[in-house]
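Now for the letters of each chain:
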Amino acid sequence: MVTVEGLVETPSDERNSELSPDGRFLAYQTNESGRSEIYVRPYPQTVNGRWQVSTTGGAQPGWTHDGHELLYLDGSGHLTMVPVDPAGTSFRAGVASTLLSSNAYGGGFAWRSYDVSQDGRRFLMIKYVSAGSDAEPPANFVVVEHWTEELKRLLPPN
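Just so it is clear, the model here is predicted, and its values are computed rather than measured.

## Quick word on the confidence of the model for the protein
Right, on to step 1. Looking at the protein, pLDDT values average 86 and 90% of them are 70 or higher.
Right, on to step 2. Mean pLDDT across the secondary structure elements of the protein bottoms out at strand β10 (residues 123-125), with 82, and peaks at strand β3 (residues 37-42), with 96.

Structure, rendered in structure tokens:
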């Protein structure tokens, strides 16, 4: 029998949680202050601490692959980065800085609409186009099914 237990349970709306790469911290967004903000708690004992990361609104938190930065969309929808110290015994965050000052990416989605490359130098983002916009939809869209089989066929085994 599997027992299900909530990690963070409050009367507020908590969403978009993500574990740090080392599995020690849980980042999530909550509206407990009256607007959506980003918080971090220790994992798995989430009751042992809580740190607010964003100060001007926040949504869609995500960690870089090395765990040295926490990313999120600020209250204006700008992609924001906060350096963190993953080696400490407690969570420590630095000063937030704006990485992309355009709210065309990520707005309007309930889930995280971006990801960061393994090396932390590139981003893949969903661009939001508002209703009534004169932006042209893409001419085509390619879906690749069973791509791992194609990769096996193209790359010989070692």
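Moving on, there is more to tell.
## Quick look at the pairing of strand β5 (residues 58-63)
Right, on to step 1. Counting buried residues in β5 gives 6 out of 6 residues, a clear majority hidden from the surface.
Right, on to step 2. Relative to strand β6 (residues 69-74), β5 is paired through 4 bridges, and the arrangement is antiparallel. Along β6, the bridge assignment pairs Gly 62 with Leu 71.

## Let's talk about the side chain of Arg 41
Right, on to step 1. If you trace the backbone, Arg 41 turns up in strand β3.
Right, on to step 2. Despite being buried, Arg 41 has no salt bridge partner; Glu 32 is the closest side chain of opposite charge, sitting 5.1 Å away.
Right, on to step 3. The residues contacting Arg 41, other than those within four sequence positions of it, are Val 8, Arg 24, Phe 25, Leu 26, Tyr 28, Thr 46, Val 47, Gly 49, Arg 50 and Trp 51.

## Comments concerning the environment of Thr 56
Right, on to step 1. Secondary-structure assignment places Thr 56 in the loop between β4 (51-52) and β5.
Right, on to step 2. The class of Thr 56 is partly exposed, set by a relative accessible area of 49%.
Right, on to step 3. A sequence separation of 17 residues divides Thr 56 from Leu 73, and the C-alpha atoms of the two residues are 9.9 Å apart.
Right, on to step 4. In this structure Thr 56 touches Arg 35, Glu 37, Asp 74 and Gly 75, once residues within four positions along its chain are discounted.

## Comments concerning the packing of aromatic side chains
Right, on to step 1. With the rule as written, the count across this model stands at 5 aromatic pairs.
Right, on to step 2. Between the aromatic rings of Trp 63 and Phe 91, the centroid separation amounts to 6.5 Å while the plane-to-plane angle is 85°, which identifies the pairing as edge-to-face. Of the two residues, Trp 63 sits in strand β5 while Phe 91 sits in the loop between β7 (79-83) and β8 (97-100), which places them 28 residues apart along the sequence.
Right, on to step 3. On the basis of relative accessible area, Trp 63 is assigned to the buried category, the value being 6%.
Right, on to step 4. Residue Phe 91 is classed as buried on the basis of its relative accessible area, which comes to 7%.
Right, on to step 5. Within the aromatic cluster, the residues linked to one another by ring pairs are Phe 25, Trp 51, Trp 63 and Phe 91.
Right, on to step 6. The ring of Tyr 114 is capped by Arg 112, whose NZ or CZ atom sits 5.2 Å from the centre of that ring.

## What about the environment of Asn 16?
Right, on to step 1. Mapping Asn 16 onto the fold places it in strand β1 (residues 14-19).
Right, on to step 2. With 94 residues separating them along the chain, Asn 16 and Ala 110 place their C-alpha atoms 8.1 Å apart.
Right, on to step 3. Residues in contact with Asn 16, not counting those within four places in the same chain, are Ala 27, Tyr 28, Gln 29, Gln 60, Pro 61, Ala 110, Trp 111 and Arg 112.
Right, on to step 4. A polar atom in the side chain of Asn 16 sits 2.8 Å from the side chain of Gln 29.

Each value, and the rule that gives it
Residues numbered from 1 in each chain as written. Predicted model: local features only at pLDDT ≥ 70, side-chain atom pairs only at ≥ 80, totals over all residues. Heavy atoms only, no water. pLDDT = per-residue confidence, 0-100. Helix = DSSP H or I, 4+ residues; strand = E, 2+ residues; numbered from the N terminus. Buried < 20%, exposed > 50% of the residue type's maximum accessible area, 1.4 Å probe, protein only. Pairing = 2+ DSSP bridges. Lys, Arg positive; Asp, Glu negative; His and termini not counted. Salt bridge = Lys/Arg side-chain N within 4 Å of Asp/Glu carboxyl O. Contact = heavy atoms within 4.5 Å. Phe/Tyr/Trp six-rings, centres within 6.5 Å; stacked < 30°, edge-to-face > 60°. Lys NZ or Arg CZ within 6 Å of the ring centre and 35° of its normal. Polar contact = N/O pair within 3.5 Å; in protein donor to acceptor, adjacent residues only side chain to side chain.

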